[in-house]
Amino acid sequence: MDQTKDTSTEFTRLMYNMATSQSLTLAQAVEQLKRDAHPRTIGETLARYAHIPVDNTGAVLNFYLERLSSNSPSGAKRDAIRRKIQMWLSGDVRSISKQGAIQLSFALGLSPGDAGQFLHRACGEGFHWRDPEELVFLFALREKMTYPEALVLRDDLAGKGLLSPGNKNESSLTGLVRQDAENITSASELENYLRQSQEQLGSFHNTAYSLFREYLNLLCAPEINDLLDPDKKISVREVTVTYLHEALIPRFKKAVRGTPEAETQILSALQRDIQQNWPDETALSRMLHRKTDVTRKALVLLFLATDGAGSHDDPDDEPLEEDEDFESRCARLNATLYDCGFAPLDSRSPFDWMILYCMCIEEAMFIDAQIEAFLGAIFSQTPSGAPKL
């Protein structure tokens, strides 16, 4: 039995059950999260995939040192590889670069499907099938190539100008590209596909952008469906204030290492996890104008603000009973994240735990107030007009 996997799964289930029990008041939920939040670290993920107990860091280090030493480009120094692994295993490192996760997928000998799951855990998103460079790595994994062999193939195709993203074709979606790419059986077929499909490929997530724009448009023009005055449209700035609770996300100083107030340290860590990459007006505008890619956190918050705008609903379904609303909403959100290449909700993540807790409410219209109240409590502020939950 894989004891590491077993323990991790049990703790994940415990955290999920606490978030969705509907038995915790707001104050109790915040205290529970402060006391019991143990976010999944990269060390834990690496131990799980090596089938080694997480507390046996020496064995985990040696396992990956051997695997990465034989799956690194020529010239890579063993000491440098060791230091990188030690950094991953130290402290509370929770994510690594996507390229590092891809290299680890080769070192572990994972299939494309298993590698996608590993990437979700290691860097928060899976493979992007529209990204030409990631298509090369997916092909190489499927063909059981080594990482150095995959790099040679990538560099060869890049030298031919085939890995440069095409125009930002918003109509090209991942699902269609994936169907074609999964049928590629040779390097020459891959080259031909990249040559013929450059205009369909790109590094930005089109599915995520399409949903992001739909959600944002709905929030900016909330009265449009009622045929009211078109001047009712509000700005992106007002969206961040009204729906994304920007005023409750403070700037704060890092907790000093070694301070005796353990609770303060834990709360500071929770604050950092929740505050990190919280979308503001500038971030939303850059995403809207495709200056940067849509983030997972922005998509989750906009999904909740619009109740997913009916995403993944079946029009033939019967109305749900009250006790089914949370499960349906959670399933729709996870399906949306999956479609966009992002990791599903993880109860070991403080931000995701907050989302699960706030979603677990009878009426979707109250989720916004629940999030506002939770943020006010976690940052020790009293949100204006927020109900005492």
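Coordinates for the structure precede this section.
Nothing here was measured: the structure is a model prediction, and the numbers come from that model. (Residues numbered from 1 in each chain as written. Predicted model: local features only at pLDDT ≥ 70, side-chain atom pairs only at ≥ 80, totals over all residues. Heavy atoms only, no water.)

**Quick word on the overall build of the protein**
Inference 1: The number of helices and strands found in the protein is 19 helices and zero strands.
Inference 2: Across the 389 residues in the protein, those meeting the buried criterion constitute 46%.
Inference 3: In the protein, the share of contacts with a sequence separation of at least 24, taken over all contacts with a separation of at least 6, comes to 69%.
Inference 4: Put simply, the protein shows about 19800 Å² of open surface, and 49% of that area lies on carbon and sulfur atoms. (Helix = DSSP H or I, 4+ residues; strand = E, 2+ residues; numbered from the N terminus. Buried < 20%, exposed > 50% of the residue type's maximum accessible area, 1.4 Å probe, protein only. Contact = heavy atoms within 4.5 Å. Areas by Shrake-Rupley, 256 points an atom, 1.4 Å probe, with all protein chains shown as cover.)

**Section: the pattern of salt bridges**
Two side chains that carry opposite charge are able to pair once their charged atoms sit near each other.
Inference 1: The full count for this structure, using the stated rule, is 18 salt bridges.
Inference 2: Its salt-bridge partner being Arg-35, residue Asp-36 comes within 4.0 Å of it at the nearest N-O pair.
Inference 3: Asp-307 is paired through a salt bridge with Arg-332; the nearest N and O atoms lie 3.0 Å apart. Of this pair, Asp-307 sits in the loop between helix 16 (296-306) and helix 17 (325-339) while Arg-332 sits in helix 17, placing them 25 residues apart in sequence.
Inference 4: Its relative accessible area of 28% is what places Asp-307 among the partly exposed residues. (Salt bridge = Lys/Arg side-chain N within 4 Å of Asp/Glu carboxyl O.)

**Describing the layout of surface pockets**
If a probe the size of a water molecule is rolled over the atoms, the empty space left behind becomes visible.
Inference 1: Here the second largest pocket is characterised by a volume of approximately 440 Å³.
Inference 2: Take the lining of the second largest pocket: its biggest share by element is five residues, from helix 7 (residues 112-123).
Inference 3: When grouped by side-chain class, the residues that make up the lining of the second largest pocket number six nonpolar, 10 polar and four charged. (1 Å grid on protein atoms, 1.4 Å probe; cavity = no way out; pocket = protein on both sides within 12 Å on 5 of 7 lines; lining within 4 Å. Points joined across faces, edges and corners; volume = space filled by probe spheres on them. Nonpolar A, V, L, I, M, F, W, Y, C, P; charged D, E, K, R; others polar.)

**Focus on the environment of Cys-360**
Inference 1: Position of Cys-360 relative to the elements: it lies in the loop between helix 18 (350-359) and helix 19 (367-378).
Inference 2: For Cys-360 and Glu-327, which are 33 residues apart along the polypeptide, the C-alpha to C-alpha distance reads 8.5 Å.

**Looking at the side chain of Lys-98**
Inference 1: As for its position among the elements, Lys-98 is in helix 6 (residues 98-107).
Inference 2: Looking at Lys-98, the relative accessible area reads 18%, which means it is buried.
Inference 3: Excluding residues that lie within four positions of it along the chain, Lys-98 makes contacts with Leu-119, Cys-123, Glu-125, Gly-126, Phe-127, His-128 and Glu-134.

**Focus: helix 7**
Inference 1: Taking 1.5 Å per residue, 12 residues should reach 16 Å; helix 7 reaches 16 Å between its end C-alpha atoms and fits that length.
Inference 2: Among the residues of helix 7, Pro-112, Ala-115, Gly-116, Phe-118, Leu-119, His-120, Ala-122 and Cys-123 are the ones counted as buried.
Inference 3: Buried positions along helix 7 lie against helix 3 (42-50), helix 6 and helix 8 (132-142).
Inference 4: The positive-phi residue at the C-terminal boundary of helix 7 is Gly-124, with phi of around 90 degrees. (Expected span 1.5 Å × (residues − 1).)

**Side note on the nonpolar core**
Inference 1: Residues Trp-353, Ile-355, Met-359 and Phe-374 are the most contacted members of the largest nonpolar core, which totals 59 residues.
Inference 2: Once residues lying within four places of it in the same chain are set aside, the contact partners of Ile-355 are Val-300, Leu-301, Leu-304, Leu-333, Leu-345 and Ile-371.
Inference 3: Membership of the second largest hydrophobic core comes to 49 residues, among which are Leu-46, Leu-108, Phe-137 and Tyr-193. (Core = buried A, V, L, I, M, F, W, Y, C linked by side-chain atoms within 4.5 Å.)

**Digging into empty space enclosed by the protein**
Inference 1: The full count for this structure, using the stated rule, is two cavities of 30 Å³ or more.
Inference 2: Taken together, Trp-129, Leu-135, Leu-138, Phe-139, Arg-142, Ala-181, Ile-184 and Leu-190 make up the lining of the largest cavity.
Inference 3: Element by element, the count of residues in the lining of the largest cavity is highest for helix 8, at four residues.
Inference 4: By residue class, the composition of the lining of the largest cavity is seven nonpolar, no polar and one charged.
Inference 5: Of all the elements in the fold, those that place two or more residues in the lining of the second largest cavity are helix 16 and helix 19.
Inference 6: Here the lining of the second largest cavity takes three residues from helix 16, the largest share from any one element.
Inference 7: By residue class, the composition of the lining of the second largest cavity is five nonpolar, no polar and one charged.

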